[in-house]
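In case you want the letters, here they are:
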Amino acid sequence: MEDDKKVDVAAQAAAFLAQDEVHEPMHDKNLWAARMKRDAAAREVPEWETLRQLASQIKEHTLTHLLQYLTEFEKNATSRGAKVYWARDAAEHNQHVWDILREKNISSVIKSKSMLQEECGMTAFLENRGITVTESDLGERIQQLDDQPPSHIVMPAIHKTREDVAQLFARNIGTDPANTDPHYLTEAMRNDARKRFLEAGAGMTGANFAIAETGSFVVCTNEGNADIGASVPPVHIASIGIEKLLPKVKDLGIFIRLLSRSALGTLATQYTSHFSGPRKGGELHIILTDNGRSKRLGMPEFWTSLKCIRCGACMNTCPVYRRSGGLAYGATYSGPIGIILDPTFDESKYSELPYHSSLCGSCTEVCPVKINISDQILQWRKVMAAKKYLPAARRLAFGTAGKIFEHPQLFRSAETMASGALKFTPNFLLYNRVLNPWGRHRELPHFAGQTFREWYLQYKAKNNEHGT
Amino acid sequence: MEHNSRSQVLAAVERQMPTHKIAYPEIPDFPRTAADLLAAFEDRVKDAGGEVFHLADAAAAQALLVSQYADAGIICSATPEITGDRDIHAVKNPHELADVAVGVIRARFGVAENGMVWLTEEDLVVNALGFLSQHLVILLSPQAIVGDMYDAYLRVHLEDTAYGCFMMGPSATADIGAVLVHGAQGARSLRVYLLP
Ligand code: SF4
């Protein structure tokens, strides 16, 4: 059941930081490495900036003509033999899936990564109806076994150490808890997943892109797990958000070049698979799902967030995300993109997310489809302030909280600090590692000139109020 | 209910679409960067975790296959140039491929930019061959290399095939401790046999 309580992202991030001296530095380091690889990959493409511009414009064109592209996609996919369903929201999406499975007496499905299915809470819905749902992406499977949502849209278990995974697998699939070798652990899961692929009555996927011109959709994975799910069980069900449309096949030349370079700094994913109607001897069901997207399309300040291709680059670069862990956001989407998407699902629940940012603008700089992410974060703050979602003291505190998360060592010592001599000056600079690679002499935004102690006392007072 | 959902989603989209329409952009013809397509392709296949071999003819390819996979187990070939142990055309159900050690498939073309090969349903005969096989051998004509993804998408013809995959090396993951491991779910290894 959905919990409507306001997400206290700062407190949850603090807990991630405070747990030990291992998780947060590892998380930070691994994501920063992905960011640096992304920079190197982008530099190798002379037309990189032009590609970003083109991708942005193609997406804006598609979204401002979405009606025609959706009907074109539907027509072409149907004529290829796919069955197309429409879902206004998560409930309708899940019902379609359930209806398809029930009609065919399917009791177990194997799924690859789909943020939309995550959004819809599909797995829990199906499990409540007796369906066995197995995640096939390794990271997603790790999260499923640990009963946690993915913490990153591309690297779902990036907040876990290999020791965490070794413990988890030892409990669940009988591996040696002392063996933390990723090769050993991956092999163990490969063998465990293999039988589930063979038992499954349906394979479920999402889609990275849907092509109006041919009624095709594209799924990108590194493991090949989506392809096994689509090629082995007789039924393939694909959940596709209505914003995934692209007009033409040739557009993929631009988007495939951008996607994995932005995500992990690799030239492409190992598998870029194109589904145009059912495979020989199989069935293909496509669920075109709105779930808040049309509403977002009508928000003048926020509709361009629909351009997002879910690469995760904004998360990898975000100094606040890297130190918070994705689970702190308490939402399907975390990091900068989460901050601007989540409130469109529930303004009150996610009203504090827009304050969980330093507004440094790095996300906007790396976004392959040029979404003005940091501007939208600021805009969301204005929405939240206008709607008085936050008490004044808390609003002030968070401007500073963002700064503290860039300096975890300060935060960690907070418990023992006798008095707050630390002054956070308005233009308090981010440390070099973060600032330099952006190579822009941009004026950093101003923050409330509040001392750490003031912030800390407010933070403590708030927590005491809630009896924790 | 179904028709109702369709019209409601489409009506909502129509109502909410921004009134200021953005034009589809002019896509420039980007300069091709790789001078020697084959050499670039080979390098990229290796970067992606694959290997490349040059073969003079089908007999040489068959001999190499036998030597490389002497004890591997069942070999299933989807191309008439190579003979395996199992007839792919007799396969009725993808599950019959669960015990295949080596799948052999001829790719339509390769991409110099990233080392991808393009495989369609027609090339795989049974799609699962590309994903249940423990190891893959991909035959590719050394002449069939395009420069980049722009050229690649001019050659895919999605209207002619229900399934097509750009495969770039073997299966990979870095989901545990950000350490790269090959053979997560799909093929553990991928070898390209360059064969005219
Ligand atoms: S907002 Fe941009 S950078 Fe972030 S996930 Fe989406 S496409 Fe990638």
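Keep in mind it's a predicted model, so treat the numbers as computed, not measured.

**Considering the overall build of chain A**
A tally of regular secondary structure across chain A gives 22 helices and ten strands. Looking at chain A residue by residue over its 468 residues, the buried ones come to 64%. Considering only contacts in chain A between residues 6 or more positions apart, those separated by 24 or more positions represent 76%.

**Comments concerning the packing of aromatic side chains**
Residue and element names in this part refer to chain B. Tallied over the full model, the rule gives twelve aromatic pairs over all chains. Here the aromatic rings of phenylalanine 53 and tyrosine 193 are separated by 6.0 Å at their centres, their planes lie at 80 degrees, and the arrangement is edge-to-face. Taken together, the residues phenylalanine 53 in strand S1 (residues 51–54) and tyrosine 193 in strand S12 (residues 189–194) connect sequence positions 140 residues apart. Judged by relative accessible area, which is 21%, phenylalanine 53 ranks as partly exposed. Its relative accessible area of 1% is what places tyrosine 193 among the buried residues. Between tyrosine 153 and phenylalanine 166, the ring centres sit 5.4 Å apart and the planes meet at 80 degrees, which makes this aromatic pair edge-to-face. Taken together, the positions of tyrosine 153 in helix H6 (residues 149–154) and phenylalanine 166 in strand S9 (residues 163–167) put the pair 13 residues apart, joining distant regions of the chain.

**Some remarks on the side chain of Arg310(A)**
Residue and element names in this part refer to chain A. Position of arginine 310 among the secondary structure elements: in the loop between helix H13 (293–297) and helix H14 (313–317). One polar contact links arginine 310 to glutamate 243, side chain to side chain, over a distance of 3.5 Å. Of the polar contacts made by the side chain of arginine 310, one reaches the side chain of tyrosine 333; its length is 3.4 Å. When near neighbours in sequence (up to four residues on either side) are disregarded, arginine 310 contacts Met115, Ile153, Val154, Glu243, Lys244, Arg293, Tyr333 and Leu341.

**A short note on the sheet that holds strand S10 (residues 283–289) of chain A**
All names here are of chain A. Reading across from one edge, S1-S10-S7-S4-S2-S3 is the order of the six strands in this open sheet, with parallel pairing throughout. Sheet topology places strand S1 (83–87) and strand S3 (132–135) at the edges, where each strand pairs with a single neighbour. Shown here is a sheet whose adjacent strand axes are inclined to one another by a mean of 20 degrees, direction ignored. Of the strand pairs in this sheet, strand S7 (residues 235–241) and S10 are connected by seven bridges, and their pairing is parallel. Paired with valine 235 across the bridge in S10 is glutamate 283. Together, S1, S7 and S10 form the strand contacts of helix H4 (residues 66–79), whose direction differs from that of S1 by roughly 145 degrees.

**A word on the site of the ligand**
What surrounds the ligand is a group of 13 residues, the closest being Cys308(A), Cys311(A), Gly312(A), Cys314(A) and Cys367(A). Of the residues assigned to the shell around the ligand, the class counts are eleven nonpolar, one polar and one charged.

**Comments concerning the packing of helix H8 (residues 138–145) of chain A against helix H9 (residues 162–173) of chain A**
Residue and element names in this part refer to chain A. Following both chains from N to C, one finds H8 and H9 inclined at 65 degrees, their axes separated by 10 Å at the closest point. Between H8 and H9, the crossing angle belongs to the class labelled roughly perpendicular. Between H8 and H9 the crossing geometry is left-handed. Contacts between H8 and H9 involve Leu138, Ile142 and Leu145 from the first element and Val165, Leu168, Phe169 and Asn172 from the second. For the contact of H8 with H9, the per-class residue count stands at six nonpolar, one polar and no charged.

**Focus on the state of the cysteines**
With the rule as written, the count across this model stands at zero disulfides over all chains. The thiol sulfur of Cys360(A) is not disulfide-bonded, and the nearest other cysteine sulfur, from Cys363(A), lies at 6.3 Å. Judged by its relative accessible area of 6%, Cys360(A) is buried. With no disulfide of its own, Cys165(B) lies 9.6 Å from the sulfur of Cys220(A), the closest cysteine sulfur. Of the residues examined, Cys165(B) reaches a relative accessible area of 1% and is grouped as buried.

Definitions and limits used
- Residues numbered from 1 in each chain as written.
- Chains lettered and ligands numbered in written order.
- Predicted model: local features only at pLDDT ≥ 70, side-chain atom pairs only at ≥ 80, totals over all residues.
- Heavy atoms only, no water.
- Helix = DSSP H or I, 4+ residues; strand = E, 2+ residues; numbered from the N terminus.
- Buried < 20%, exposed > 50% of the residue type's maximum accessible area, 1.4 Å probe, protein only.
- Contact = heavy atoms within 4.5 Å.
- Phe/Tyr/Trp six-rings, centres within 6.5 Å; stacked < 30°, edge-to-face > 60°.
- Polar contact = N/O pair within 3.5 Å; in protein donor to acceptor, adjacent residues only side chain to side chain.
- Pairing = 2+ DSSP bridges.
- Axes fitted to C-alpha atoms, helices over the stretch in contact; angles between N-to-C directions.
- Near = heavy atom within 4 Å.
- Nonpolar A, V, L, I, M, F, W, Y, C, P; charged D, E, K, R; others polar.
- Parallel < 35°, antiparallel > 145°, perpendicular 65-115°, else oblique.
- Left-handed = near helix turned anticlockwise from the far one by under 90°.
- Disulfide = S-S within 2.5 Å.

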